[in-house]
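If you want the building blocks of each chain, they are given just below.
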Amino acid sequence: MDNMNIYHILAISGMLSPIVYTAMWILGGKLQSDYSHIRDDISSLFAVGAPNKRLMQSFIIASSILLFLFYLGLHEGLKDGGAIIGPDLFIIASILGILIAFFFPLDEGGEMITWRGKMHLILVIVMGILTIAGMIALWFRLNMNPYWSTFATYSLISAIVALILLIISGMFIKGKYRGLLERLGVTPFQLYYFILPLMIYLNN
């Protein structure tokens, strides 16, 4: 199999990740009658004791692995000869996502009481910060490249918007609208997770 086919497959893997993630919380909300997309955070769907924990966890694991596989080929797929730091930050962030899905669910009822529940929040924040740093690193790497300059601008804007929304979500983490704020907060990440592999697909 030649490199072009490999990059296409990895890009498709990346594009599927946010689709699987979004399908997870939409389906989870439908299956759990007392769940509110406005009040409840997404992680509550695979928290300890959640009624559909196994199913929701399998969605999260699949989404995280799909993204990880894409990131493995991102550096070479960009074909610009730039620094590897951005793709490496994304790889580390995606590994944290896999660890969260397997080992660090929220406590029962979506609470953060035990060390495992608290580690869930810490790792989610670190993962978000690493991803934002990766976006900024790609902006530095690609902004002078004629083919990638528009995407580089989008990458910087995504990083700024994601950081602002991440801070807002953190400020209201115990509020009655935390579910809505979290969904707004993950939107720039999920869009980025789709658009970046789409660009890799089109560029290869």
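Residues numbered from 1 in each chain as written. Predicted model: local features only at pLDDT ≥ 70, side-chain atom pairs only at ≥ 80, totals over all residues. Heavy atoms only, no water.

Enquirer: Got a sec to walk through the packing of helix H2 (residues 53-72) against helix H4 (residues 85-103)? Specific residues and values, please.
Expert: Interhelical geometry of H2 versus H4 gives an angle of 160° and a closest axis separation of 9 Å. Taken together, the axis directions place H2 and H4 in an arrangement best described as roughly antiparallel. Seen along the crossing, H2 lies across H4 with a hand that is left-handed. Contact with H2, carried on its side by Gln 57, Ile 60, Ile 61, Ser 64, Ile 65, Phe 68, Tyr 71 and Leu 72, involves Phe 90, Ile 91, Ser 94, Ile 95, Gly 97, Ile 98, Ala 101 and Phe 102 of H4 and no other residues of that element. Residues of the contact of H2 with H4, tallied by class, amount to 12 nonpolar, 4 polar and no charged. (Axes fitted to C-alpha atoms, helices over the stretch in contact; angles between N-to-C directions. Helix = DSSP H or I, 4+ residues; strand = E, 2+ residues; numbered from the N terminus. Parallel < 35°, antiparallel > 145°, perpendicular 65-115°, else oblique. Left-handed = near helix turned anticlockwise from the far one by under 90°. Contact = heavy atoms within 4.5 Å. Nonpolar A, V, L, I, M, F, W, Y, C, P; charged D, E, K, R; others polar.)

Enquirer: Can you lay out the side chain of Gln 190 for me, pointing to particular residues and giving the numbers?
Expert: Along the chain, the position of Gln 190 falls in helix H7 (residues 178-203). Beyond its immediate stretch of four places on either side in the chain, Gln 190 contacts Pro 18 and Tyr 21.

Enquirer: Explain the environment of Ala 93 residue by residue, including any values.
Expert: Along the chain, the position of Ala 93 falls in helix H4. Residues Ala 93 and Ser 158 lie 65 residues apart in sequence; the distance between their C-alpha atoms is 16 Å. Ala 93 has contacts with Met 127, Leu 130 and Thr 131, leaving out every residue within four places of it along the chain.

Enquirer: Can you lay out the nonpolar core for me, pointing to particular residues and giving the numbers?
Expert: Ranked by size, the top nonpolar core spans 23 residues in total, and within it Tyr 71, Leu 74, Phe 90, Leu 138, Phe 151 and Leu 196 carry the most contacts. Going through the elements one at a time, H2, helix H3 (74-78), H4, helix H5 (115-142), helix H6 (149-171) and H7 are the ones with two or more residues in this core. Counting residues per element, this core draws most heavily on H7, which supplies 6 residues. Setting aside residues up to four positions removed in sequence, Leu 138 forms contacts with Leu 78, Pro 87, Phe 90, Phe 151, Ser 155, Tyr 192 and Leu 196. Ranked by size, the runner-up nonpolar core spans 12 residues in total, among them Tyr 35, Ile 42, Leu 45 and Ile 61. (Core = buried A, V, L, I, M, F, W, Y, C linked by side-chain atoms within 4.5 Å. Buried < 20%, exposed > 50% of the residue type's maximum accessible area, 1.4 Å probe, protein only.)

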